[in-house]
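Given next are the chains, with one letter for each unit.
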Amino acid sequence: KIYCLFLVFPVKVAVWFINAIRSLSKGKAMESFASEFRTRLHNEFNKINDKTYVIRETNNPNVKLTYLDIGARAGLSDFISKNRSVFQNIILCEGEPEEAKSLRSQGFLVIDKFLGYQVGPAKFYFIPEHTGASSLKRPGTPFLHLFSSKHYDLYTKYTEHDITTSTLDVELPALGVKEVDFIKIDVQGYELPVIKGLTIMSPLFWEVEMLPLPTYQDTPYATSISTELLHKGYISLRLKDRICK
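The structure presented is a predicted model; accordingly, all values stated were derived computationally and were not measured.

**Student:** Which residues make up the overall build of the protein, and what values do they have?
**Tutor:** Scanning the protein for helices and strands turns up seven helices and eight strands. Across the 245 residues of the protein, 35% fall into the buried class. Sequence-distant contacts in the protein: of pairs separated by 6 or more residues, those separated by 24 or more amount to 62%. About 16,000 Å² of surface is accessible on the protein, with carbon and sulfur atoms providing 58% of the total.

In structure tokens, the structure reads:
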């Protein structure tokens, strides 16, 4: 019995020791791989942040992409303007009639509807002193104080308007659009309903502007948007911080 005890005990120790070394080696290898992967991603994102970065053209000249900008009051971003030759179709969505009319006069294909996750009545909260912050969500939460008292005063002076929302599932087929490659959303807290309103196609990329903390009432945290896109099969490639106190 004593002999067996001495025989079994060292074998178990040896196995444990070997497994420990193997796990440590795996851990170091994974850490090295993760570090290299992060570095490569970081280098690519630096290119994207550079305004001179150009989208890689496809080898097939017959393939052109479709770009959709939801909340396009300001017109095309510099990034899209510099790469305009890549896109066959550029669609701008702006629900405010005068803004939509202005964009259409510039020759763009325009969706002049407010978008959400269903067709139906809704409220639009218009902020005269900061029109770009107008939203289908009621402005003003305590989180606004993280930015400045000026923001809080500004965002809480608004007028209410009755409007009707539509969805991407309705509006894109109406334009004859069968596929979208790149969707940019900047709709002041209403991002999640817009994303949920597209089920008939899957774009290659979503670019969503969102604040981590809701500055509009009855608005989910930014993590909810990331989760929704995760459930749709996407991963988050880049998060860029916004400045606040």
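Here the narrative resumes.
**Student:** Residue-level account of the sheet that holds strand 4 (residues 114-115), with values.
**Tutor:** As summarised here, the arrangement of the three strands in space is 4-6-5, forming an open sheet in which the pairing is mixed. Among the strands making up the open sheet, the edge pair consists of strand 4 and strand 5 (120-126). Summarising the sheet, strand 4 and strand 6 (residues 159-166) pair through two bridges and their orientation is parallel. The residue of strand 6 that forms the bridge with Phe 114 is Thr 165.

**Student:** Pulling in residues and values, what's your account of the sheet that holds strand 7 (residues 182-185)?
**Tutor:** Pairing within the open sheet is parallel, and its five strands lie in the order 3-2-1-7-8. Each edge of the open sheet carries a strand with a single partner, namely strand 3 (109-111) and strand 8 (205-208). The mean angle between the axes of side-by-side strands here comes to 20°, regardless of whether they run parallel or antiparallel.

**Student:** Tell me about the pattern of salt bridges, and please be specific about residues and values.
**Tutor:** Oppositely charged side chains are able to pair whenever their charged atoms sit close together. Summed over the entire model, instances satisfying the criterion amount to seven salt bridges. Between Lys 123 and Asp 162 there is a salt bridge whose closest N-O contact spans 2.8 Å. With Lys 123 in strand 5 and Asp 162 in strand 6, this pair connects stretches of sequence that are 39 residues apart. Across the pair Asp 218 and Lys 137 runs a salt bridge, and its minimum N-O distance is 3.7 Å.

**Student:** Describe the nonpolar core, naming the residues involved and giving the relevant values.
**Tutor:** Most often, soluble globular proteins keep nonpolar side chains buried together rather than apart. In this structure, Leu 68, Ile 70, Leu 172 and Trp 206 are the most contacted members of the largest nonpolar core, which totals 29 residues. Looking at this core element by element, the count peaks at three residues for helix 6 (residues 191-196). Look past the residues within four positions of Leu 68 in its chain and what remains in contact with it is Ile 91, Ile 111, Leu 168, Leu 172, Val 180, Phe 182, Ile 183 and Lys 184. Counting residues in hydrophobic clusters, the runner-up holds 13 residues, among them Ile 80, Val 86, Leu 103 and Phe 182.

**Student:** Outline a nonpolar patch on the surface, listing residues and values.
**Tutor:** A cluster of nonpolar side chains, namely Leu 204, Phe 205, Ile 235 and Leu 237, defines an oily patch on the protein surface of about 440 Å² accessible area. Assignment of secondary structure puts Leu 237 in the segment after helix 7 (222-231).

**Student:** How would you explain the environment of Glu 99 if you had to name every residue and give the values?
**Tutor:** Within the secondary structure, Glu 99 is located in helix 3 (residues 97-105). When its relative accessible area of 24% is taken as the criterion, Glu 99 is described as partly exposed. Glu 99 sits 27 residues away from Ala 72 along the chain, and the two C-alpha atoms are 8.7 Å apart. Among all residues touching Glu 99, those that are not within four sequence positions of it are Arg 73 and Glu 94.

Reading guide: rules and limits
Residues numbered from 1 in each chain as written. Predicted model: local features only at pLDDT ≥ 70, side-chain atom pairs only at ≥ 80, totals over all residues. Heavy atoms only, no water. Helix = DSSP H or I, 4+ residues; strand = E, 2+ residues; numbered from the N terminus. Buried < 20%, exposed > 50% of the residue type's maximum accessible area, 1.4 Å probe, protein only. Contact = heavy atoms within 4.5 Å. Areas by Shrake-Rupley, 256 points an atom, 1.4 Å probe, with all protein chains shown as cover. Pairing = 2+ DSSP bridges. Axes fitted to C-alpha atoms, helices over the stretch in contact; angles between N-to-C directions. Salt bridge = Lys/Arg side-chain N within 4 Å of Asp/Glu carboxyl O. Core = buried A, V, L, I, M, F, W, Y, C linked by side-chain atoms within 4.5 Å. Patch = residues over 30% accessible without salt bridge, like charges linked within 9 Å, V, L, I, M, F, W, Y side chains within 5 Å.

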